[in-house]
Number of protein chains: 2
Amino acid sequence: MSNRRDAVHEILRQSEGFRSAQDVYAEMRAEGAKIGLTTVYRALQALADKGHVDVLRTDDGESVYRACASGDHHHHLVCRRCGRTVEVAGPAVERWAEAVGSEHGFTEITHTVEVFGTCSSCSTAARS
Amino acid sequence: MSNRRDAVHEILRQSEGFRSAQDVYAEMRAEGAKIGLTTVYRALQALADKGHVDVLRTDDGESVYRACASGDHHHHLVCRRCGRTVEVAGPAVERWAEAVGSEHGFTEITHTVEVFGTCSSCSTAARS
DNA sequence: GCGTAAATGAAAACGGTTGTCAAAATCGAG
DNA sequence: CTCGATTTTGACAACCGTTTTCATTTACGC
């Protein structure tokens, strides 16, 4: 049905970290793919809606997407320099969030947790 | 020096939860204050830079600000319905983030953690 | 007062994202 | 296969929050 959507998904699968829509678009065009920016946005939204990719917002308000290996709830450890991303589970955090919430009478607790750092290759490279 | 900045800060102090720039601007104008949108943005940025207010991004990319009681590192438990916000400390989470990071060879770990839920008043009100 | 520096705000610019709409591809009978 | 209906696509314009520009106003030091 949607060859385009699959193409976009494929780009994300081949990526190490989170990618922006424009970023994905640029790469596809560079590879010679015939696709419009609008379609990339639509494909990413659709993939996000169906839970096939994870989305998060950068500090400057851009939406970035990533095809994650795990379909289950997980968090990300992202290298702030190269973008390399590791999926991490955090049972301790889940429990903590739940506890903090109910402690204050809140229900239907959800949470967002992202961890940033400098990965070993980048910190080695930076030692100049 | 800057009466405007203080006025903006004051609005935030009187607010329960996070407020957007436009939101603050609208309220100030409604109160009859003579201020421009640009100045509100500048004041909020300045306050954020100096650490006097906390900033976070909503899912739709808006920046929202809050004058927090604690100057120390803390997280927020936000009611997704009314916006009421509780500041929470999470030593366990800090340690977890640090551990997860170094476990994968990452250094200079930082993290963002926000907890959302429905507060007791809102969940009572919703039982209609 | 008076000159210089900082603050202010209206309007224009910006950048990511979303909407519009007509053309192109796809599908489903017949 | 053919024709019409439906879906997908993409160029372009519209949007919206935010930032920049720049001329004007205000505050400060002397």
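Residues numbered from 1 in each chain as written. Chains lettered and ligands numbered in written order. Predicted model: local features only at pLDDT ≥ 70, side-chain atom pairs only at ≥ 80, totals over all residues. Heavy atoms only, no water.

**Student:** Looking at this structure, how should I read the protein's contact with DNA strand C?
**Tutor:** Near DNA strand C there are 14 residues, and of these Tyr41 and Gln45 of chain A together with Arg4, Thr39 and Arg42 of chain B occur at the shortest range. For DNA strand C, the backbone portion of the atoms within 4 Å of the protein, that is sugar and phosphate, comes to 65%. Side-chain polar atom of Tyr41 of chain A to a phosphate oxygen of DNA strand C: 2.7 Å apart, as the coordinates give it. The set of elements that each furnish at least two residues to the surface near DNA strand C consists of helix H3 (37-49) of chain A together with helix H3 (37-49) of chain B. Tallied by class, residues from the surface near DNA strand C come to three nonpolar, seven polar and four charged. (Near = heavy atom within 4 Å. Polar contact = N/O pair within 3.5 Å; in protein donor to acceptor, adjacent residues only side chain to side chain. Helix = DSSP H or I, 4+ residues; strand = E, 2+ residues; numbered from the N terminus. Nonpolar A, V, L, I, M, F, W, Y, C, P; charged D, E, K, R; others polar.)

**Student:** Looking at this structure, how should I read the UniProt feature "binding site: Fe cation" (unreviewed entry) in chain A?
**Tutor:** Residue and element names in this part refer to chain A. Under the UniProt annotation, the feature "binding site: Fe cation" (unreviewed entry) is placed at His73, Glu94 and His111. These annotated residues cover 39 residues of sequence, and their C-alpha atoms lie no more than 10.7 Å from one another, placing them together at a single site. Considering the arrangement of structural elements, one finds His73 in the loop between strand E3 (63-66) and strand E4 (75-79). The exposure class assigned to His73 is partly exposed, which follows from its relative accessible area of 49%. Among residues more than four places away in sequence, those in contact with His73 are Glu94 and His111. As for its placement among the helices and strands, Glu94 is situated in helix H4 (residues 91-103). The partly exposed category is assigned to Glu94, whose relative accessible area is 24%. When neighbours within four sequence positions are excluded, Glu94 is seen to be in contact with His73, His75 and His111. (UniProt positions renumbered as here; feature names shortened; annotations may be inferred. Buried < 20%, exposed > 50% of the residue type's maximum accessible area, 1.4 Å probe, protein only. Contact = heavy atoms within 4.5 Å.)

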